[in-house]
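The primary structure of each chain is shown beneath.
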Amino acid sequence: MDPAPISALVFRGSKPLCHEYSLVLEARGIEHEAEEKEGSWTLSVPVEMRHRAYEELSRYAVERGVKRAIPEAVQTHSGAAIGVFLYVTILLLTAYCAGNATFGADWLSLGSLDAGAPREWWRAITALTLHLDQEHLLGNVLFGAVAGMAASRLLGPGVAWASILGAAALANYAEILVTPITHRAVGASTAVFAALGLLSGMAWRQRLTQRERLWYRWAPLIAGICLLTLLGAGTAHVDVLGHGLGFLFGLAVGWVHVRTGVANNRERRVQIMAGLGAVLAVCAAWVFALRLGL
């Protein structure tokens, strides 16, 4: 009687594919042996591991066979620089007015995020335009310009900045509702992370509609969270909650935009109305805030 085999053949084929399957088995911790026999390469595993090896190789072969769809060419919007210019202008103009106490008002006190004043809704917007020092201002100007430029090219400057402002304002108001009444915060960083979330949400939603491997479809969300973790945390003075809420609200807005087709709307009138609405919202918020200090 012949002795029972101690190994089982699970693959026979080319050297490159044999090496690729060998890496799969190695990653799964399955003991195996690769060798060349009669002009082809084979993979053998212990007999008791053959079913698991077949299962892992079959699953990998199915994923490997999924054809990656060629993404459609993205038609970018023009005028992205206009939105960035207005963003920078609003931040610098507010910094100048706050530094010089224009109209004899304490802009920082009147416009900062104040968890003790939930009825003063305008603070959710005015706080986005205030900064504590030049370093704080410069960082948000630079990062905001980059993120805003990218969002503007995908959505158009008007829709992009209106979306960023809306997501950031909602995040700020949510922060007012959940933090202690002594909590205070200022800065456009919430808007910066809202823009980052907006981009991540759009890319994530688009990837989920494609027949891709799981890790590839979720890659935009994972990348966005990594950037949030890397840039959104810091010293005790960093508003981590505001950054996180801004990212989450931006993520939701980006998802909705792709889901509803807003990203494909190229009407100039829509861009103008959305952009004008965003600027007027900032102006109106400051009118309400300054009215209390005059």
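All of these numbers come straight from a predicted model, not from anything done at the bench.

Could you give an account of the overall build of the protein, with specific residues and numbers?
Regarding its fold elements, the protein presents 11 helices and 5 strands. Within the span of the protein, comprising 294 residues, buried residues form 41% of the whole. Here the analysis covers contacts within the protein between residues at least 6 apart in sequence; of these, 76% occur between residues at least 24 apart. For the protein, the accessible area works out to roughly 16900 Å², and carbon and sulfur atoms hold 64% of it.

How would you sum up unusual backbone geometry? Please name residues and give values.
For alanine 101, which is not glycine, the phi torsion reads 50° and is therefore positive. Its place among the elements puts alanine 101 in the loop between helix H3 (80-99) and helix H4 (107-111). Residue classification places alanine 101 among the partly exposed positions, given a relative accessible area of 37%. The residue phenylalanine 103 is not glycine, and still its phi comes out positive at about 65°. With respect to the helices and strands, phenylalanine 103 occurs in the loop between H3 and H4. When its relative accessible area of 59% is taken as the criterion, phenylalanine 103 is described as exposed.

Give me the pairing of strand E2 (residues 33-37): which residues, what numbers.
Bridge analysis of E2 against strand E3 (residues 40-46) gives 5 bridges, and the strand direction is antiparallel. Following the sheet pairing, glutamate 36 is matched in E3 by tryptophan 41. What sits between E2 and E3 in their antiparallel hairpin is a turn of 2 residues, with glutamate 38 showing a positive phi close to 55°.

Go over the sheet that holds E2, please, and point to the residues and values.
If you trace the 3 strands from one edge of the open sheet to the other, you get E1-E3-E2, paired in antiparallel fashion. The sheet is open, and its two edges are formed by strand E1 (7-13) and E2, each paired on a single side. With strand direction ignored, the average angle separating the axes of adjacent strands in the sheet is 30°. Most of the contacts of helix H1 (residues 15-27) go to E3, to which it runs at about 20°, and overall it touches E1, E2 and E3.

Any details on the environment of alanine 117? Residues and values, ideally.
Tracing the chain through its elements places alanine 117 in the loop between strand E4 (113-114) and helix H5 (123-126). Take alanine 117: its relative accessible area is 13%, and that puts it in the buried class. Separated by 64 residues in sequence, alanine 117 and isoleucine 181 place their C-alpha atoms 7.9 Å apart.

Which residues make up the packing of aromatic side chains, and what values do they have?
On inspection of all chains with the given rule, the structure shows 7 aromatic pairs. With 6.0 Å between their ring centres and 85° between their planes, tyrosine 21 and tyrosine 60 make a pair best called edge-to-face. Taken as a pair, tyrosine 21 in helix H1 and tyrosine 60 in helix H2 (residues 50-65) lie far apart in primary sequence, 39 residues in all. When the ring of tyrosine 87 is compared with that of tryptophan 161, the centres are 4.7 Å apart and the planes differ by 20°; the resulting orientation is stacked. Placement of tyrosine 87 in helix H3 and of tryptophan 161 in helix H7 (residues 157-178) is noted, with a sequence separation of 74 residues between them. Owing to a relative accessible area of 11%, tyrosine 87 belongs among the buried residues under this scheme. Ring pairs connect the aromatic residues Phe11, Tyr21 and Tyr60, which therefore count as one cluster.

Outline the environment of phenylalanine 11, listing residues and values.
Residue position: phenylalanine 11 is located in strand E1. The exposure class assigned to phenylalanine 11 is buried, which follows from its relative accessible area of 10%. For the pair phenylalanine 11 and tyrosine 21, spaced 10 residues apart in sequence, the C-alpha separation works out to 8.4 Å. Ignoring anything within four residues of it in the chain, the contact list for phenylalanine 11 reads Leu17, Cys18, Tyr21, Trp41, Thr42 and Leu43.

Let's hear about the confidence of the model for the protein: which residues, and what values?
In low-pLDDT regions, the fine details of the predicted coordinates are not to be read closely. Chain-level pLDDT for the protein is 84 on average; 84% of the residues reach the 70-or-more range. Between the elements of the protein, mean pLDDT differs from a low of 61, seen in helix H9 (residues 214-232), to a high of 96, seen in H5.

Rules behind the numbers
- Residues numbered from 1 in each chain as written.
- Predicted model: local features only at pLDDT ≥ 70, side-chain atom pairs only at ≥ 80, totals over all residues.
- Heavy atoms only, no water.
- Helix = DSSP H or I, 4+ residues; strand = E, 2+ residues; numbered from the N terminus.
- Buried < 20%, exposed > 50% of the residue type's maximum accessible area, 1.4 Å probe, protein only.
- Contact = heavy atoms within 4.5 Å.
- Areas by Shrake-Rupley, 256 points an atom, 1.4 Å probe, with all protein chains shown as cover.
- Pairing = 2+ DSSP bridges.
- Axes fitted to C-alpha atoms, helices over the stretch in contact; angles between N-to-C directions.
- Phe/Tyr/Trp six-rings, centres within 6.5 Å; stacked < 30°, edge-to-face > 60°.
- pLDDT = per-residue confidence, 0-100.

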